[in-house]
Amino acid sequence: MKALLCFSDSVPTVNFKDAIGCCFTVVHCITLPRALFSSLCDDQTFKFCSSLFKEIACKWTCNVISTGAHILKGKVYENFMIDVKVSNNKLFNRAVSLVQKFGECSRNDAYSALLRSIYNTNTLTAIQENMPVSEHIKTATKGQKVVSSAIILTRSKCLVEEAKKLLAAHPVTKNALAYCLGH
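Residues numbered from 1 in each chain as written. Predicted model: local features only at pLDDT ≥ 70, side-chain atom pairs only at ≥ 80, totals over all residues. Heavy atoms only, no water.

Caption draft 1: Representation of a nonpolar patch on the surface within the structure. Taken together, the side chains of F48, L52, I56 and W60 present a nonpolar region at the surface, about 440 Å² in accessible area. Positionally, F48 belongs in helix 3 (residues 43–72). For F48, a relative accessible area of 54% puts it in the exposed group. (Patch = residues over 30% accessible without salt bridge, like charges linked within 9 Å, V, L, I, M, F, W, Y side chains within 5 Å. Areas by Shrake-Rupley, 256 points an atom, 1.4 Å probe, with all protein chains shown as cover. Salt bridge = Lys/Arg side-chain N within 4 Å of Asp/Glu carboxyl O. Helix = DSSP H or I, 4+ residues; strand = E, 2+ residues; numbered from the N terminus. Buried < 20%, exposed > 50% of the residue type's maximum accessible area, 1.4 Å probe, protein only.)

Caption draft 2: Geometry of the environment of K174. Relative to the helices and strands, K174 is located in helix 10 (residues 173–181). The class of K174 is partly exposed, set by a relative accessible area of 36%. Separated by 26 residues in sequence, K174 and S148 place their C-alpha atoms 8.9 Å apart. Filtering out sequence-adjacent residues up to four positions away, K174 remains in contact with G74, V76, Y77 and I82. (Contact = heavy atoms within 4.5 Å.)

Caption draft 3: Quick look at the packing of aromatic side chains. In the structure shown here, the tally under the stated rule is 3 aromatic pairs. Between Y77 and F102, the aromatic rings sit 5.4 Å apart at their centres with planes inclined by 70 degrees, giving edge-to-face as the arrangement. Taken together, the residues Y77 in strand 3 (residues 76–77) and F102 in helix 4 (residues 89–103) connect sequence positions 25 residues apart. Given a relative accessible area of 4%, F102 falls into the buried group. Here the aromatic rings of F92 and Y111 are separated by 5.7 Å at their centres, their planes lie at 75 degrees, and the arrangement is edge-to-face. Here F92 is found in helix 4, whereas its partner Y111 is found in helix 5 (residues 107–119), with 19 residues between them in sequence. By relative accessible area, which is 27% here, Y111 ends up partly exposed. Through pairs of rings, three or more aromatic residues link up here, namely Y77, F80 and F102. Here the guanidinium or amino end of K101 rests over the ring plane of F102, the centre of that ring lying 5.4 Å away. (Phe/Tyr/Trp six-rings, centres within 6.5 Å; stacked < 30°, edge-to-face > 60°. Lys NZ or Arg CZ within 6 Å of the ring centre and 35° of its normal.)

Caption draft 4: Highlighting helix 9 (residues 160–169). Regarding helix 9, the residues found buried are V160, A163, L166 and L167. One side of helix 9 carries all its buried residues, which in axial view fall inside an arc of 125 degrees. Structural note: helix 9 exposes K165, A168 and A169 on the side pointing more than 90 degrees away from its buried face. Looking at the buried side of helix 9, the elements it contacts are helix 5, helix 8 (146–156) and helix 10. (Arc of directions from axis to C-beta.)

Caption draft 5: Here's a closer look at the environment of T154. In this structure, T154 sits in helix 8. In this structure, the C-alpha to C-alpha distance between T154 and G103, residues 51 residues apart in sequence, is 5.1 Å. A polar contact of 2.9 Å, which involves the side chain of T154, links it to the backbone oxygen of I151. (Polar contact = N/O pair within 3.5 Å; in protein donor to acceptor, adjacent residues only side chain to side chain.)

Structure below.
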């Protein structure tokens, strides 16, 4: 199904099928009613508010589409985006929190499991443990499904290779975690 979104401050009079040259099944026009604001603000303020409304509505629409796509791809588990690409400090800390939550472990154990997953090792060296987070992030961005692997490590107490095999057998992250966590 094809859909077109139109953000406007007036009801469109254009026949979208003729104007675009293709047929859309759904056309949603999101409008900011001028009559509602006529007593509250002048034309210039209304135009500013209208353009701001269009930008916010567009952002919300993009967020809905990307969230839906992530859900359909199985990257969301129990309302959490679990297939996180650990690419900055904020996402590194989010990854530790996700491992802690779904791995049902302490923050230290979650941190350790995440590092084991990032470095693809069952035993961390002192050098790996003492590296700054920025170095962990550099290595993590090259890896695949490090957060999911770390969750499996903490919950099933398995080796890194076994966690990777489980993820390979269940390519959809949500299904791999559901299988491992028994949901």
